[in-house]
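Residue-level structural notes
Below are the chains, spelled out letter by letter.
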Amino acid sequence: MTKTKNLLLIFTRNPELGKVKTRLAKDVGDTKALAIYKFLLEHTVLVTKDLDATKQVHYSVKIRENDLWDTSIYDKKQQQGSDLGGRMQNAFEQGFKEGYQRIIIIGSDLYDLSQEDLENAFAQLENHDTVIGPALDGGYYLLGLKNLIPEVFSNKVWGTDTVLQSTLTDLQKYTTAILAPRNDVDYLSDIEDLPDFYPFLK
C-alpha cells in the first residue's frame, strides 16, 4: 500500500564531468558546468525534501549510493527506455501500477522552482486531469497526470521549442491546469544575471 496518493518523479542525470549541461559548458567549460549542475541538484533537494508526497529519483545512467539523495526521503530508481519520452512513460506507468493517484515529474535543473510550486501542482490535479508547467524555452519543466496518457510521451522532438505546444495539442480533450512559466538552466544567458551563480562564473 502506498503511504500517500501523490508521487513526485525527479529525473536526474548522473553528475559526471563532460556529461551534464553541455550547452552551458560551451560557454563556461566542463568543470564549471558540472559545479553549476551540482548546485542545481542541491536546490532540487532543498525544494523537494519536505514535500508531502512519495519521492523517487530516477537516475539516467546508474543508481548512486551515498550521494545527496537521502534514501530515508527518496526512493532510487533507474530510468528505463530508449528516449526521454519512453523513460518518462515507463516511470509514470510504474507509479500508477504501484497505486499512486497523482503523479508529477520534474527535472533537476530548475533554479526558480519552489516547494510551493510543487504543492500547487498537486493541488491542481485535484480538479484537473493534467497539470503542466511551461518552460521559457518552449518545453515544460513539470508534467502531472492522474491517468496514463501515452500520446504525451511519443512523437516529440525532445529538447526543442516544439515540445510544449505539441504536448498541449495532445491534451486538448483533457482539463489542463497551466502553471506560471519557469526557466530551466541550459545556457549562460539563463544564469549570468543571477547573483547566486556569480561564484561559478568568476
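The model shown is predicted, which means the values in this text are computed figures rather than measured ones. (Residues numbered from 1 in each chain as written. Predicted model: local features only at pLDDT ≥ 70, side-chain atom pairs only at ≥ 80, totals over all residues. Heavy atoms only, no water.)

Turning to the layout of surface pockets, a few remarks are in order. A volume near 990 Å³ is recorded for the largest pocket. Looking at the lining of the largest pocket, the elements with two or more residues in it are strand E1 (6–12), helix H1 (22–28), helix H3 (84–97), strand E4 (102–106) and strand E6 (140–145). Here the lining of the largest pocket is built from residues that sort into 15 nonpolar, 9 polar and 10 charged. (1 Å grid on protein atoms, 1.4 Å probe; cavity = no way out; pocket = protein on both sides within 12 Å on 5 of 7 lines; lining within 4 Å. Points joined across faces, edges and corners; volume = space filled by probe spheres on them. Helix = DSSP H or I, 4+ residues; strand = E, 2+ residues; numbered from the N terminus. Nonpolar A, V, L, I, M, F, W, Y, C, P; charged D, E, K, R; others polar.)

A separate point is the nonpolar core. Leu-8, Trp-69, Ile-104, Ile-106, Val-131 and Leu-142 are the most contacted members of the largest nonpolar core, which totals 27 residues. Listed by contribution, the elements that provide at least two residues to this core are E1, helix H2 (30–48), strand E2 (54–59), E4, helix H4 (115–124) and E6. If one sorts the elements of this core by residue count, H2 sits on top with 5 residues. Setting aside residues no more than four positions away along its own chain, Leu-142 makes contact with Ile-104, Ile-105, Ile-106, Leu-118, Ala-121, Val-131, Ile-132, Gly-133 and Leu-179. (Core = buried A, V, L, I, M, F, W, Y, C linked by side-chain atoms within 4.5 Å. Buried < 20%, exposed > 50% of the residue type's maximum accessible area, 1.4 Å probe, protein only. Contact = heavy atoms within 4.5 Å.)

The next point concerns the sheet that holds E2. Across the sheet, 7 strands lie side by side as E3-E2-E1-E4-E6-E5-E7; this open sheet has mixed pairing. If you trace the sheet from one side to the other, it starts and ends with strand E3 (74–78) and strand E7 (176–178), each paired once. The average undirected angle you get between the axes of adjacent strands in this sheet is 20°. Inspection of the sheet shows strand E5 (residues 130–134) paired to E7 by 3 bridges, in the parallel sense. Looking at the pairing, Val-131 lines up with Ala-177 of E7. Running at roughly 175° to E1, H2 makes contact with E1, E2, E3 and E4 of the sheet. The sheet contacts of H4 involve E1, E4, E5, E6 and E7, and relative to E4 the element is tilted by about 145°. (Pairing = 2+ DSSP bridges. Axes fitted to C-alpha atoms, helices over the stretch in contact; angles between N-to-C directions.)

Let us now look at unusual backbone geometry. Phi is positive for Asn-66, which is not a glycine, with a value near 55°. Structurally, Asn-66 can be placed in the loop between E2 and E3. Phi angles above zero are rare outside glycine, and Asn-155 is one such case at about 55°. Here Asn-155 is to be found in the loop between E6 and helix H5 (163–170).

Attention now moves to the environment of Tyr-198. By the secondary structure assignment, Tyr-198 is in helix H6 (residues 198–201). Residue Tyr-198 is classed as partly exposed on the basis of its relative accessible area, which comes to 41%. Leaving out residues up to four positions away in the same chain, Tyr-198 has contacts with Glu-192 and Asp-193.

Tracing the backbone through its elements, the reader meets Thr-130 in strand E5. Under the relative-accessibility criterion, Thr-130 is labelled buried at 0%. Within polar-contact distance, the side chain of Thr-130 engages the side chain of Thr-176 at 2.7 Å. In contact with Thr-130, not counting residues within four places along its chain, are Leu-125, Gly-144, Leu-145, Ile-149, Leu-171, Tyr-174, Thr-175, Thr-176 and Ala-177. (Polar contact = N/O pair within 3.5 Å; in protein donor to acceptor, adjacent residues only side chain to side chain.)

A word on the environment of Pro-181. Position of Pro-181 relative to the elements: it lies in the loop between E7 and H6. Through-space distance from the C-alpha of Pro-181 to that of Ile-132 is 9.5 Å; in sequence the pair is 49 residues apart. Setting aside its immediate chain neighbours within four residues, Pro-181 contacts Pro-134, Leu-136 and Tyr-141.

Time to look at the packing of aromatic side chains. A full pass over the atoms with the stated rule returns 8 aromatic pairs. Here the aromatic rings of Phe-92 and Phe-96 are separated by 6.4 Å at their centres, their planes lie at 35°, and the arrangement is tilted. Placement of the pair is Phe-92 and Phe-96 together in helix H3, with a separation of 4 residues, close to one helical turn. Under the relative-accessibility criterion, Phe-92 is labelled buried at 0%. Using a relative accessible area of 19% as the deciding quantity, one classes Phe-96 as buried. Ring centres of Phe-197 and Phe-200 lie 6.4 Å apart, and the angle between their planes is 50°; this geometry places the pair in the tilted category. (Phe/Tyr/Trp six-rings, centres within 6.5 Å; stacked < 30°, edge-to-face > 60°.)

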